[in-house]
Structures are given as C-alpha cells and as structure tokens.
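This is what each chain is made of:
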Number of protein chains: 2
Amino acid sequence: MAQSWLDIPAGSDFSLINIPFGIVTYSGTSTPRAAVAIGDQVLDLVVFSEFDGFDGLADIQPYLHLFDEPTLNSFAALGRPLHKKVRAYLHDVFVKDGPFRERLQDNAQLRSASLVPLASVQTHLPMHIGDYTDFYVGKHHAFNVGVLFRGPANALQPNYTHLPVGYHGRASSVVVSGTPVRRPWGQILDTDKKTPIYHPSKRLDIELELGAFVCKPNYLGSPIPIGKAEDHLFGYVLLNDWSARDIQAWEYVPLGPFNAKNFASTISAWVVLADALEPFRTDGIQNTSELQPYLKPADSSVKPMFDINLEVDLKPKGVAASSVVSRSNGRHLLWSFPQMLAHHTVGGCPLNVGDLLGSGTISGPDDGTQGSLLEITGGGSKTVNVGGVERKFLEDGDEVVLRGWCEADGQRLGFGECRGQILAAWANGVAEE
Amino acid sequence: MAQSWLDIPAGSDFSLINIPFGIVTYSGTSTPRAAVAIGDQVLDLVVFSEFDGFDGLADIQPYLHLFDEPTLNSFAALGRPLHKKVRAYLHDVFVKDGPFRERLQDNAQLRSASLVPLASVQTHLPMHIGDYTDFYVGKHHAFNVGVLFRGPANALQPNYTHLPVGYHGRASSVVVSGTPVRRPWGQILDTDKKTPIYHPSKRLDIELELGAFVCKPNYLGSPIPIGKAEDHLFGYVLLNDWSARDIQAWEYVPLGPFNAKNFASTISAWVVLADALEPFRTDGIQNTSELQPYLKPADSSVKPMFDINLEVDLKPKGVAASSVVSRSNGRHLLWSFPQMLAHHTVGGCPLNVGDLLGSGTISGPDDGTQGSLLEITGGGSKTVNVGGVERKFLEDGDEVVLRGWCEADGQRLGFGECRGQILAAWANGVAEE
C-alpha cells in the first residue's frame, strides 16, 4: 500500500487513493481557486502551479491558469484523459520518495506556501451548475414511497423499470456543504387534509443521494450514446435533496415537485473524480425488464454501480452528539449514471459542463438503510429515537451530515461531509433584511 | 399619435410604442451586441453609444459598455427605472423632430453607421438563462387537457385555483426563434398502449405561451413579496414549449414532464420591456378561491394581465402559405406573473437575472382559440385542415410561427415572430456528425 510523506490521519476521507478537487479560499487568498484535499490539508493548485509544481507534467502546462478560476468548470472541460493524468501526477507528488519528490516533499518553501490546513479553508460550490436534474433511480426508495402513497401492489409506476425516471431540479438553489437551510414557508394542507394554509413546512426531510457532474457537453439534437457516456462524467459528490413533504404532497399534481425541493439542495464540497471510483465498481439492483437499445450497457463486463458506504448523521438541536439514522450504499440503484445520461439526451437535450445529475434517494432494502425520514418513520406515522429525543421530521436547529466512503487495503476514499443545519422559518414569511 | 422620422411600415411589430431589446450580429460585427428594433430596422446600441448617441441621457453613461455584451443580462440588472429611462430616451430619439433630433434624425453619418435593416441581422438568445420555470396557469388549457386525461369532473386538480402550478424546465434547450427543432426519439407506448418502444415521437406538438425574464435577483431564503414582484420583471417574449405528447404520457408519472419537453423550447428574439406593456393591462380569468396572503395582489386596482393578441401560424410541409390554427389572448391566465414570482420564491428559492418564467399554454375558452394541437384535435382523435392538408400533430418539415401583438391608436406593439421548423428524426437515433 503506497504511503505519503504527508502525515495522513488514519481514517481520513482524503487518502492517497482519493485526491478530490474543490474550490477554496483562505486567509491570504483574494479569489476562490482550485485545490485538492489530501489528509487534513489542501494543496492550493494556483500557488503550486506558480512555483513550478506541475513541471513534471507537460500536458497540463497550457492550462495552469484554469486553476485560478472560481469554479472547476474549465478544468472539467479539459476531459477525462487529462483529469486522470493530473490526479496520477499529484499522487506521485504526494507519495513518499516518489518520482516527483523534489516538487513538494523536498521543497520546504513550496510545502509551506501551497499546503493549507483543511480546517482553515472555506470551501465553495465547486462547479457553476447550468442545469440540475434529479433522477429517481433508488428503487427501494421509490418502492417505499410508492407504498405509502398507493400501496404495495401499485408502488412502482409502469415506466419505472423501463427508463430512469427523472425531473428537472432547480440549479440556483444548489448550495455547498455548511450552508444553513431556512425552513420554507409554503402551501400545505390543514389538519382537515382539504384546506390549504400558508405555513412553514411541518414535514421537512432529507434525501440521501449521489450527484454527478458533467465534464463534456453534447449539443442540441445530439444524443450521447451510452458507450460514450463515461467520457461525460467528471466526478461525484454527496447530495442532500432537502424536501418539504407537506408542500410536495399538495403541489405535485400533475407536474411534479416544485417548491417542495427548490429552497435548497446541498452538495459536498470535494468532487471525487470518476477515475478514483473505478476500483470500487459493483453490481446494482438487477433489472429484469428488457432494456431499450439506447439504455443497454455497451460493455456488460463493466459493473455499473459503485460500492460506496453511505450514512446519514443527525444531531438534534440540544443533543450533544450526532447519531447515525441510516446506513446505505451506492449500489442500491436500478440505473447507472451512464444510463441516466443516455436517457436524458435521447431526445436531443443538451447537457453542459457543470450540469449536475442526482441519483434520487438511495435506500437499502432493510430497516435502518432508508435514505429519508419519510421512509424511516413510515410517512411520519411513528417516531425514531435520535440520541434520546424523538423525531418524525426535522426540527429547527437540527443538523444533518451525509457521509460516503469506499475502502480498499485499509485506505479510505471519502467524500467529505455534506452538512446543513435547519434555521427557523421567518416570522410571518418575511425575510429579515 | 406620435410619428417617427423613420419610415415605419404600417402594421410593423416594432412601432414607436414598442422599442424592444435584443442581441444581434450582422455583416461587419465581430461580436453579438445589444440592439433595439424599430420598424424594419435595428439600432446597434454599441455603435450608437460610441458616437455619443446617448449623450442626452446622463443616467446611462456609466453603463454604456454593457451594450457590448453577448446577452442583455447586465443591462437587465440595471433595474426597471433605468430601462424605462432608456426606452423613453430612444423614443425621443426616434420621434419626428423630437428633443434629441440631432442624435440621429439630423445626423446622417450616425444613421448610416448604427441603423441596420432588420432583415440583415442575425438575432441571438437575448438572455443567458440560468433557470427556466414553466407554469401552467392557462386555465382553459389545463382544463382541456385535464378533460382528455380524467374527464370534465376531475379535469383540474384540487390545488389548481390555490397556487400557480409550475415545474422546473430545462434552461439549456431554450433556443431563439428560427432554430430548427429536431424530432426527438424517446420511449413511447406501442399501439397496444402497454409496451414501450424506442421511436421518434409521433405526437409532436406546440404550446403557445408567454415568457417573462427576471431582471432583479432575490437571495436564498428570501421570498419576493408580491408588492415588489413587478420590480423583478424585465420584459416579455413569446414561447413555444414544444412537447412530445407520447413521450410525456409514458414518462410523466410521478415526477412530471422531462424528455417530452427538454429537446427544445423556442422564444422570440426581442424582449418587449415590461414598461411597454403597461398600457395594455386587462383583467384575467376570475379566481373565486380565497387567496393565501402572499398571493393577494398588493394593489387590486392594477389589472393583472395583458391584452395581447396571440396567434399560431402553421405552414405544413409542401403547402405554400401558412394558416392560422389558433387565435388566443394573453388575458386567458388565472395567475399573473407577479403571483408566479411570489409563489416561486415563497419558500426561499433564489431567482437570478436572466431566469425565464413561462406562463403555460394560453388557450381561450372557445374552438379556434386553443394553444396546442392536443386540444385542437381532441387528443389526436380528429384532424384539423391546414391549408388543404390534414394534421393531428406536427409532421417533418412543418413550420410553426407564434405571433403576439397589442394595438393602440393604430400603432402596434408586437413581439416579432417565434419560429421553428421540424426536422426529421435522426435515422436510428444517432446524430449525424
């Protein structure tokens, strides 16, 4: 197992096998810039570039200025072959006594100038998101929710196993981990279940998802063939698709969720590159329906999902410690991201660099593995004990952290946290200035 | 009635009472830039600015460089009071023997440099659209479509008169008038109505809508009070929300339309400023439901809708002339754009400058006034005669033009055309390189 000359704490999300990319500022920077996370530090790629850190990698030389941008979009647009080279190069810079040891390991001045404690950086939304699409391909979740609404016999709609169901989300309200989430006002049904009232949501929920960023555009009218879809996937983040269940139940017919979802969607700050996840491929949920040709995997020997441990941590207001309320896994999906891309574009919809695709809530098959409180509490019909207090849905002051990680040979590839705390609704629905 | 020194053809959409803004290129320009349309000419605002055309308007002086951008977003962000001044100033430049006659009327050199024939310019998408939201507030349309799906008793969902129903659309596939529209492939049900097949849409349709652009942002967690919503509205365009009805019918449960709508949405090229429409206010469809406080108009003496004549022109392939297949009006809406904005943001969803809101299909109450072929042909159960040929839905080569205009004192305020022609689906679903 390769070791770094850096002191990477045991259990760090950001071991040598990860090297995720993000956007940071910190004391001394005037503008947001690209960085990678390694152990409990980040490497400022602007400073690293300025001091010839990339001199061992000719291919990136024409593009070094792209690290000095406030999003990763331009770097993403360079394409997967170059992402792979940059990540491999940085691995070789970080590995102990590696081929590029003179860049950092043996260069105290540059170490001091370019490495910054993770705890002292502010992370920002890593990508400019043109459009955000949320799928619904966590089959257990779709089934669980369907049972609550329509009973087990009709839980899944007839289309469910034939296409990756998805809808257009709201790009402008995607926020980075740590951003507080204000409880939304909206229309909900009164206790008589018939009369709408104007009220803060009483059934505020989480959704445990994976997100994927697009790094290669397709053009209007030009579908992405499934065999080329991997080329369009930059990397992955955790996604909490906060949901106001009572607003959703009243508004969603006939055109789908709207205000129930568009008040905030939180993503983790570090983009785990698609290449980093390759060693963790695994099988997903078996689909027994005959697939349409555009959805058939081009190479059936490539396993479609990733074996990512997923966890929902909830710290109720006033409780000292957080508790894990769900343990799930990235394998619990019916459709892969390449299938989502192929379906999204089959009619010619253009996807741009920076577009975000969500998987939909990832629930496992068993109790304790459901990715939303709606499922955990049976639609709010029972409470769950969280560190000594009872919860059906989120209360003001509650803090939620999603975590995700893969493990191999004792090293951990993690996503960093996807955190958000619930703020009380505005009094009377009017924002304070 | 004010007259221009310019020769504005009778019946021109772009009379003195209009002065809409757009983005153009033409022979001799290297970059897209802002322009206004007047009669059968456009005024290049970059050239006009360079040669001191705006010297009579001090307020715009610090911002003249914003006309030299490829979208109107920065100009829009200056806010409605300044839009109003610029439009009024340009009116006074164009009016015969007006206060600023020395700028153009008496300046042959600048006339020649800055005025370009409308027919010789290429128009571009006028705004960078961050997010696109499509509402569904054309009540006659919602009812007509509901009858087809659920019968007259349950045609409208219970929420319909309580909130402006809407969904998130796809910003990346909004295109400017004139862009061809490729017939989408997708999943549709076979003639057995049960088995999905992979096929080009057989039920390609139009939707006659109005679109509104946002010119002032609100921030995450900060609703727009209805009394301030007008400040956020930059201007209006025509919108054809092309729809694949067979793809929609199969995919839309439970999360709403997706690929049925995201292959293209066409807008007219010229943004009619909100101020220009003020004289054409009129009543909309009466809503007898008690409105929640955040949706109650701040000033009930202000009529909520605009008296805009709307028309759908269809030219079937191989037929020499187009025929009007629908005549509707902008008054046939249940909710106003300020109500849509207030509802969209009630939970804190942030809207950005350039965001586009669609009204939903605007159908009138009578035969001949429906804004979609789905309604005109009773869900495809009968044909409509268009210039001697029969149509249920759009055929390859068919060309659709939406038009919209107001009239006062013999002058016309029009939107220009919103045009698109249907291209045949790709053979086998694969785009030609």
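Residues numbered from 1 in each chain as written. Chains lettered and ligands numbered in written order. Predicted model: local features only at pLDDT ≥ 70, side-chain atom pairs only at ≥ 80, totals over all residues. Heavy atoms only, no water.

## Concerning the UniProt feature "domain: Fumarylacetoacetase N-terminal" (unreviewed entry) in chain A
Turning to step 1, where the next piece is worked out: With numbering matched to this structure, UniProt assigns "domain: Fumarylacetoacetase N-terminal" (unreviewed entry) to residues 18-126 of chain A.
Turning to step 2, where the next piece is worked out: Taken end to end, residues 18-126 of chain A comprises 29% helix and 19% strand; its first and last C-alpha atoms sit 16 Å apart. (UniProt positions renumbered as here; feature names shortened; annotations may be inferred. Helix = DSSP H or I, 4+ residues; strand = E, 2+ residues; numbered from the N terminus.)

## What to know about the interface of chain A and chain B
Turning to step 1, where the next piece is worked out: Across the contact, 60 residues belong to chain A and 60 residues belong to chain B.
Turning to step 2, where the next piece is worked out: At the boundary of chain A with chain B, total buried surface from both sides reaches about 5,500 Å², with 60% on carbon and sulfur atoms.
Turning to step 3, where the next piece is worked out: Taken together, the links from chain A to chain B amount to four salt bridges.
Turning to step 4, where the next piece is worked out: Note that Arg170 of chain B and Asp355 of chain A form a salt bridge whose closest N and O atoms lie 2.7 Å from each other.
Turning to step 5, where the next piece is worked out: Counting across the interface, chain A meets chain B through 33 residue pairs in polar contact (both at pLDDT 80 or more). (Contact = heavy atoms within 4.5 Å. Buried area = accessible area lost by both parts, 1.4 Å probe. Salt bridge = Lys/Arg side-chain N within 4 Å of Asp/Glu carboxyl O. Polar contact = N/O pair within 3.5 Å; in protein donor to acceptor, adjacent residues only side chain to side chain.)

## Regarding the sheet that holds strand β5 (residues 121-124) of chain B
Residues and elements named next belong to chain B.
Turning to step 1, where the next piece is worked out: A sheet is described by the order of its strands in space; here five strands give the open sequence β4-β3-β2-β1-β5, paired in antiparallel fashion. With one partner strand each, in any of the chains shown, β4 (115-117) and β5 form the two edges of the open sheet. Taking each pair of neighbouring strands and ignoring which way they run, the sheet shows an average axis angle of 50 degrees.
Turning to step 2, where the next piece is worked out: Two strands pair when backbone bridges link them, and strand β2 (residues 33-38) and strand β3 (residues 41-44) are joined in this way by four bridges, in the antiparallel orientation. Within β3, the position partnered with Ile38 by the bridge is Gln41. (Pairing = 2+ DSSP bridges. Axes fitted to C-alpha atoms, helices over the stretch in contact; angles between N-to-C directions.)

## Observations concerning the UniProt feature "domain: Fumarylacetoacetase-like C-terminal" (unreviewed entry) in chain A
Turning to step 1, where the next piece is worked out: When the UniProt feature table is mapped onto this chain, "domain: Fumarylacetoacetase-like C-terminal" (unreviewed entry) is found at residues 139-421 of chain A.
Turning to step 2, where the next piece is worked out: Its end C-alpha atoms 28 Å apart, residues 139-421 of chain A is made of 13% helix and 31% strand.

## Some thoughts on the relation of the copies chain A and chain B
Turning to step 1, where the next piece is worked out: For the match of chain A to chain B, the screw axis carries a shift of 0.0 Å, the RMSD comes to 0.0 Å, and the turn is 180 degrees. Given the turn and translation reported, the copies of this chain are related as if by a two-fold rotation axis. Identified as the residue of chain A closest to the rotation axis by C-alpha distance is Gly256 of chain A, at 2.2 Å.
Turning to step 2, where the next piece is worked out: Same-surface contact between copies: 100% of interface residues of chain A are shared with the interface of chain B. (Least-squares fit on C-alpha atoms with pLDDT ≥ 70 in both.)

## With respect to the sheet that holds strand β2 (residues 33-38) of chain A
Residue and element names in this part refer to chain A.
Turning to step 1, where the next piece is worked out: Strand order in the open sheet made by the five strands is β4-β3-β2-β1-β5, with antiparallel pairing throughout. The sheet is open, and its two edges are formed by β4 (115-117) and β5 (122-124), each paired on a single side. Taking each pair of neighbouring strands and ignoring which way they run, the sheet shows an average axis angle of 50 degrees.
Turning to step 2, where the next piece is worked out: With four bridges joining them, strand β1 (residues 21-25) and β2 adopt antiparallel strand pairing. Of the residues in β2, the one forming a bridge with Ile23 is Ala34.
Turning to step 3, where the next piece is worked out: Helix-sheet contacts for helix α3 (residues 80-94) involve β1, β2 and β3 (41-44), and the interaxial angle to β2 is about 55 degrees.

## A look at the domain arrangement of chain A
Residues and elements named next belong to chain A.
Turning to step 1, where the next piece is worked out: For chain A, the domain assignment lists domain 1 (21-124) and domain 2 (132-429).
Turning to step 2, where the next piece is worked out: One C-alpha centre belongs to domain 1, the other to domain 2; they are set 30 Å apart.
Turning to step 3, where the next piece is worked out: Both sides together, the interface formed by domain 1 and domain 2 hides about 1,500 Å², and carbon and sulfur atoms give 63% of it.
Turning to step 4, where the next piece is worked out: Per-residue buried area on domain 1 facing domain 2 is highest for Phe21, Arg80 and Arg87; these three make up 43% of the total on that side.
Turning to step 5, where the next piece is worked out: Connecting domain 1 to domain 2 are two salt bridges.
Turning to step 6, where the next piece is worked out: Measuring nitrogen to oxygen at the nearest pair gives 3.0 Å for the salt bridge that ties Asp275 to Arg80.
Turning to step 7, where the next piece is worked out: Put simply, domain 1 and domain 2 have four residue pairs in polar contact (both at pLDDT 80 or more) between them.
Turning to step 8, where the next piece is worked out: Among the elements of the structure, β1, β2, α2 (73-76), α3 and β5 are those that each provide at least two residues to the side of domain 1 that touches domain 2.
Turning to step 9, where the next piece is worked out: A total of four residues in the side of domain 1 that touches domain 2 trace back to one element, the largest contributor, which is α3.
Turning to step 10, where the next piece is worked out: Each residue belonging to the side of domain 1 that touches domain 2 can be placed in one class, and the counts come to eleven nonpolar, five polar and three charged. (Domains from an automatic or database assignment. Nonpolar A, V, L, I, M, F, W, Y, C, P; charged D, E, K, R; others polar.)

## Describing unusual backbone geometry
Turning to step 1, where the next piece is worked out: Note that the residue after Val253 of chain A, namely Pro254 of chain A, is joined by a cis bond; omega there is 0 degrees.
Turning to step 2, where the next piece is worked out: Within the fold, Pro254 of chain A resides in the loop between α6 (245-251) and β16 (265-267).
Turning to step 3, where the next piece is worked out: Even without a glycine there, the phi angle at Asp52 of chain A is positive, about 65 degrees.
Turning to step 4, where the next piece is worked out: Structurally, Asp52 of chain A is set in the loop between α1 (45-50) and α2.
Turning to step 5, where the next piece is worked out: The phi torsion at Ile19 of chain B lies on the positive side, around 60 degrees, for a residue other than glycine.
Turning to step 6, where the next piece is worked out: Inspection of the secondary structure assignment puts Ile19 of chain B in the segment before β1 (21-26).

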